[in-house]
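Fold and geometry: a report
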Amino acid sequence: RNWTTIKSYEEICFDFFEGIAKITINRPRYRNAFTPKTVQEISDALVYCRESQDVCVVVLTGAGDKAFCSGGDMNVKGRGGYVGGDGVPRLNVLDVQKQIRSLPKPVIAMVNGYAIGGGHVLHLMCDLTIASDNAIFGQTGPKVGSFDAGFGASYLARIVGQKKAREIWFLCRQYSAAEAERMGMVNKVVPSERLEDEVVDWAKTMMERSPLALRMIKAGLNAELDGQAGIQELAGDATMLYYMLDEAQEGGRAFLEKRKPDFSKYPKLP
Ligand code: 2NE
């Protein structure tokens, strides 16, 4: 498959192939643990994915065959967050979680090994997860002095149920791809040599569907769980659609032409 580089970064790769943008955490030496810089680069790539008319589906993965992502880089975990080159402690991965959540395009986690700690939460945030049969899932926070009580807890519980979510966090065990699939965290498990083909198949199928319909259903699924922020997303999409109608154009035109708007001719459907 002929992936072309969209933009070069230091700690991620960012590639494109036939409507699919692939973000690869590229720190295999550390099982693809993220630093504040890795996260900043992912965030930048996600902004590109949101803005680009060419990107239809986003894939998030990790380099090599051992890990999707092992969470925050413990080497730079300081007091108050993960410390980058500027010496400031950050938890900027939480912003990336929200970016994935509100990206108006499908995001697939392509899990090719360990999805652990903050890396596990990243796969959860993606709309779909396709995993290789050697993938391993789990949270480690309470073992290593951390936790994610945000999406990492409540969204996990929505997916696997309260009892399983508590088990996953309280015991910090590791789960096989088959177990993760049974829990509903994984859409499909495939042999590792088929992983990318399978992900590209799923992406291509989604690209045959109406992008606006996918956007609205993602916003609707989010809205139920995300409170006012979720409603804002769905409402923003409704505003965007309204702006596409003559009825909304008439309001703006009337203002600029300094006349009363005439909305009488627009349909009032039952
Ligand atoms: C991922 C896992 C299970 C892999 O185990 P294994 O046996 O395959 O590899 P190994 O030998 O543990 O790791 C290979 C190298 O990668 C480094 C290791 O230190 C090791 O380095 P060397 O000994 O060769 O020098 N490495 C692996 N994960 C790393 C990490 N996260 N940071 C820095 N270096 C790492 C096993 O490695 C593991 O359990 N890793 C730690 C997972 C973890 O606890 N992550 C942090 C969770 S907290 C978090 O992510 C978080 C949050 O809870 C809330 C907000 C934001 C973030």
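Please read these numbers as outputs of a predicted model, since none were measured by experiment.

1. Here we look at the overall build of the protein chain
A tally of regular secondary structure across the protein chain gives ten helices and 14 strands. A globule of 270 residues ought to have a C-alpha radius of gyration of about 18 Å, and the protein chain, at 21 Å, matches this closely. Overall size of the protein chain, expressed as C-alpha extent along the three principal axes, is 65 × 40 × 40 Å. Within the protein chain, the fraction of its 270 residues that count as buried is 44%. In the protein chain, 64% of the contacts between residues at least 6 apart in sequence involve partners at least 24 apart.

2. Looking at the environment of G236
Note that G236 resides in helix α9 (residues 211-243). When the C-alpha atoms of G236 and A219 are compared, they prove to be 9.5 Å apart, with 17 residues separating the residues in sequence.

3. Remarks on the pairing of strand β3 (residues 20-25)
Taking burial as the measure, the six residues of β3 include six buried ones, the bulk of the element. For strand β2 (residues 12-17) and β3, the ladder comprises six bridges, and the chain directions are antiparallel. Paired with I12 across the two strands is I25, which belongs to β3. Hairpin connection, β2 to β3: the antiparallel pair is bridged by two residues, and E18 has positive phi, about 45°. When β3 meets strand β4 (residues 57-62), the two strands line up parallel, connected through six bridges. Bridge pairing in β4 places I23 opposite L60.

4. What to know about the packing of aromatic side chains
Scanning the entire structure with this criterion turns up six aromatic pairs. When the ring of Y9 is compared with that of F14, the centres are 6.3 Å apart and the planes differ by 50°; the resulting orientation is tilted. Residue Y9 is classed as buried on the basis of its relative accessible area of 18%. Exposure remark for F14: the relative accessible area of 1% places this residue in the buried category. Members of the aromatic cluster, connected to one another through ring pairs, are Y9, F14 and Y48. Sitting over the face of the ring of Y155, R101 holds its NZ or CZ atom 4.4 Å from the ring centroid.

5. What about the UniProt feature "binding site: substrate" (unreviewed entry) in the protein chain?
Within this numbering scheme, the UniProt entry marks R31, Y82, Y114, A115, I116, G117, G118, T140, S146, Y243 and K258 as carrying the feature "binding site: substrate" (unreviewed entry). Spanning 228 residues, the named residues do not form one spatial group; their C-alpha atoms are separated by as much as 62.5 Å. Tracing the backbone shows T140 in the loop between β12 (136-138) and α4 (141-144). Setting aside chain neighbours within four positions, we find T140 in contact with I116, G117 and C172. Within the fold, K258 resides in the segment after α10 (246-256).

6. Details of the pattern of salt bridges
Within the structure shown, the criterion is met by 20 salt bridges. Here E250 and R259 are joined by a salt bridge, their closest N and O atoms 2.7 Å apart. What emerges from the salt-bridge pattern is a single network uniting R1, K22, E196 and D197.

7. Some details on the nonpolar core
As a rule of thumb, nonpolar side chains are buried together in soluble globular proteins. Ranked by internal contacts, the top residues of the largest apolar core, which has 46 residues, are I23, I100, L122, F137 and M185. With five residues, the top contributor of residues to this core is helix α1 (residues 36-51). Core analysis: the second largest hydrophobic core is formed by 15 residues, W3, V57, I130 and V199 among them.

8. Quick notes on the sheet that holds strand β10 (residues 114-116)
Pairing within the open sheet is mixed, and its four strands lie in the order β5-β10-β12-β13. With one partner strand each, in any of the chains shown, β5 (67-69) and β13 (175-176) form the two edges of the open sheet. Across three bridges, β10 lies against β12 in parallel orientation. Bridge pairing links I116 to G138 in β12.

Calculation criteria
- Residues numbered from 1 in each chain as written.
- Predicted model: local features only at pLDDT ≥ 70, side-chain atom pairs only at ≥ 80, totals over all residues.
- Heavy atoms only, no water.
- Helix = DSSP H or I, 4+ residues; strand = E, 2+ residues; numbered from the N terminus.
- Rg over C-alpha atoms; globule rule 2.2 N^0.38 Å.
- Buried < 20%, exposed > 50% of the residue type's maximum accessible area, 1.4 Å probe, protein only.
- Contact = heavy atoms within 4.5 Å.
- Pairing = 2+ DSSP bridges.
- Phe/Tyr/Trp six-rings, centres within 6.5 Å; stacked < 30°, edge-to-face > 60°.
- Lys NZ or Arg CZ within 6 Å of the ring centre and 35° of its normal.
- UniProt positions renumbered as here; feature names shortened; annotations may be inferred.
- Salt bridge = Lys/Arg side-chain N within 4 Å of Asp/Glu carboxyl O.
- Core = buried A, V, L, I, M, F, W, Y, C linked by side-chain atoms within 4.5 Å.

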